[in-house]
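Below, each chain spelled out in residue letters.
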Amino acid sequence: MAQTETTPDSSPMAPQADPGPSLGGVLARALRGNVRQYGMLVALALIVLLFQIWTDGILLQPLNITNLIQQNGYILILAIGMMIVIIAGHIDLSVGSLAAFVGAAAAVMMVKHDLPWPVAMLAALVIGALAGAWQGFWIAYLGIPSFIVTLAGMLLFRGGTQILLQGQSVAPFPKGFQSISSGFLPEVGPHTNYHNLTLLLGLAVLAVAILQEVRGRRQTVAYGLEPLPIALFLTKLAVITTAVVAFTMLLASYHGVPIVLLILGALLVGFGYLMRNSIIGRHTYAIGGNEPAAKLSGVKSKRVVFLAFTNMGVLAALAGLVFAARLNAGTPQAGINFELEAIAAAFIGGASASGGVGTVMGAIIGGLVLGVLNNGMSLVGVGTDYQQVIKGLVLLAAVGFDVYNKRRAGS
C-alpha cells in the first residue's frame, strides 16, 4: 500500500510559529488597565467638543479658557486632597466649611489687624493643617468614622466662620494676595503677539512630558512587561504634543499662564509623584484596598490616615485662600457645597467608593469635567436647576461605571 508522504511543515503535529501578541490584544489590555482614566479623558474631550460647537466656538476662546481655570482652581485643589482621602478609604465633609473658615481668618488678619499678606497666608495654612490634624486624630487614633467627625467639623467650622466675620464680609485685600487667584506670569522679552514666558514654559512642559513617556516605556521593557506597539506609542506622543501646544498657544495669546495654574501644576506634579513613587503613597493605596492585610504587612495605618487628613486640611486652607482672593473678600457664605464638588470630581475622576483606587491626575480630570459642564451650560443659558440635575446624573454614571467594571472583573 502506498504511503502518503508528509513533510514536517504539513504534518498535523508540526509546531506552529508563534505570531506574537496582536496589536488589538495589546491595545485592549492597555485600555482595560486604565479604563476609568481613559474613559474620563474621552468623555472630557467629547464634552469640550459638544460645547465648542454649541457655543459657536466661545468655549475655547483664550479669555474663556483663562476664566475656566481661575473659576475652578479652588475646586481642583480640593479634589486632589479629597482623592487621597478617598483612596485611603475615608471621606471628608468639612472641606468647604474649613475653606470658608480659613478665608475668613486670613481676611481678619489682613484687613483688621494689618498683617502682611504672606504672613497671613502662612498662618492660614498652619490653621488648616491643625484643623486637619485635629480631625485626623479622632478618626485615626480614636476610631470614630470619618463621616461623623467631618460632619461635626463642617458644622463647627461653618459656625466659626460666622463668629469671625460677625455675619459681614471683610474686604478689600492687598493686590499681592489677590494675584494668587487673578494674577498672571509677568511679561518678559521682546514684544510679540504672544506671551513669551508662557511659550517657554509650554516648551519645557512638553519636553518633560515626552521624556517621561520615553522613560516609562524603557522601564516597562526593562521589567519584562509588554509595552505599547511603537505605532501606538508614537500616536500617544503626537496627541500629547498637540494638546500641550494648543493649550500653550491659547494661554499665550491672552495674558499668559494664570498664577493659580502654576499652583495646580506644582500640586499635580508633587502629589502625583508622592502617590506613585513614595512609601507613604503605596501605604495609602494598601490601606484603602485592604486595611487588615496592610496592617499585617507592617503598614502603620493610623499614621497614614492622620497624615491624609492633615494634608486635606492644608489643601482646604489653600483652596479657601484662592477663593477669597478671587472674591477679594472673606464672606460668611463662602465654601458652600465645595465638599460636594470635590467629592464628585474625585469619583468622576476614577476614585472607588471602597477605597484603594484613584490617581491625582484623575482628580484633575474629574474636576475639569465638572468645570467644563458648568461653564458650557452657563454659556448656552441652561438654568442652574437643570445644571444640578445633569451633574448629578454624571456622578451617578461614573460611580455606576466603577461598580460595573468591578463586577465584570470579579466574574
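Residues numbered from 1 in each chain as written. Predicted model: local features only at pLDDT ≥ 70, side-chain atom pairs only at ≥ 80, totals over all residues. Heavy atoms only, no water.

## Re the overall build of the protein
What the protein contains, in helices and strands, is 16 helices and zero strands. Across the 411 residues of the protein, 42% fall into the buried class. Considering only residue pairs separated by 6 or more positions, the protein has 79% of its internal contacts joining residues 24 or more positions apart. Here the protein has roughly 21200 Å² of accessible surface; of this, 68% comes from carbon and sulfur atoms. In the protein, 21 side chains carry a positive charge and 14 a negative one; their mean positions are 9 Å apart. (Helix = DSSP H or I, 4+ residues; strand = E, 2+ residues; numbered from the N terminus. Buried < 20%, exposed > 50% of the residue type's maximum accessible area, 1.4 Å probe, protein only. Contact = heavy atoms within 4.5 Å. Areas by Shrake-Rupley, 256 points an atom, 1.4 Å probe, with all protein chains shown as cover. Lys, Arg positive; Asp, Glu negative; His and termini not counted. Charge placed at Lys NZ, Arg CZ, Asp CG, Glu CD.)

## What about the packing of aromatic side chains?
In this structure the tally under the stated criterion is ten aromatic pairs. With 5.1 Å between their ring centres and 85° between their planes, Phe 173 and Phe 177 make a pair best called edge-to-face. On the basis of relative accessibility, which here comes to 5%, the residue Phe 173 falls in the buried class. Look at Phe 177 and you get buried, because its relative accessible area is 1%. Clustering of aromatic rings is evident, with ring pairs tying together Tyr 74, Phe 323 and Phe 338. Sitting above the plane of the Phe 233 ring, Arg 217 keeps its charged end 4.9 Å from the centroid. (Phe/Tyr/Trp six-rings, centres within 6.5 Å; stacked < 30°, edge-to-face > 60°. Lys NZ or Arg CZ within 6 Å of the ring centre and 35° of its normal.)

## Quick word on empty space enclosed by the protein
For the structure shown, the criterion picks out one cavity of 30 Å³ or more. Looking at the largest cavity, its volume works out to about 60 Å³. Residue composition of the lining of the largest cavity, by class: nine nonpolar, five polar and no charged. (1 Å grid on protein atoms, 1.4 Å probe; cavity = no way out; pocket = protein on both sides within 12 Å on 5 of 7 lines; lining within 4 Å. Points joined across faces, edges and corners; volume = space filled by probe spheres on them. Nonpolar A, V, L, I, M, F, W, Y, C, P; charged D, E, K, R; others polar.)

## What to know about the layout of surface pockets
When its volume is computed, the second largest pocket comes out at roughly 660 Å³. Contributing to the lining of the second largest pocket are 25 residues, with Glu 341, Asn 374, Gln 387, Gln 388 and Lys 391 lying nearest its centre. Within the lining of the second largest pocket, the residues separate by chemical class into eleven nonpolar, twelve polar and two charged.

## Regarding the environment of Leu 396
Position of Leu 396 relative to the elements: it lies in helix 16 (residues 384–410). Leu 396 sits 49 residues away from Phe 347 along the chain, and the two C-alpha atoms are 9.3 Å apart.

## What about the side chain of Asn 64?
Tracing the sequence through the fold places Asn 64 in helix 3 (residues 62–87). At a separation of 2.8 Å, a polar atom in the side chain of Asn 64 contacts the side chain of Asn 375. (Polar contact = N/O pair within 3.5 Å; in protein donor to acceptor, adjacent residues only side chain to side chain.)

## A word on helix 8 (residues 196–222)
The end-to-end C-alpha separation of helix 8 is 39 Å, in line with the 39 Å expected for 27 residues at 1.5 Å each. Taken residue by residue, helix 8 has Asn 196, Thr 198, Gly 202 and Leu 206 as its buried positions. Buried residues along helix 8 sit against helix 9 (230–252). Looking one or two places after helix 8, you find Gly 224, whose phi comes out positive at around 75°. (Expected span 1.5 Å × (residues − 1).)

## Some thoughts on unusual backbone geometry
What is expected of a backbone is that most residues other than glycine have negative phi and most peptide bonds are trans. The linkage connecting Ala 171 with the following residue, Pro 172, adopts the cis geometry, with an omega of -5°. If you trace the backbone, Pro 172 turns up in the loop between helix 6 (146–165) and helix 7 (175–182). Phi is positive for Asp 114, close to 55°, though the residue is something other than glycine. Structurally, Asp 114 is set in the loop between helix 4 (95–112) and helix 5 (117–140). Not every positive phi belongs to a glycine, and Gln 166 is a case in point at roughly 55°. Structurally, Gln 166 is set in the loop between helix 6 and helix 7.

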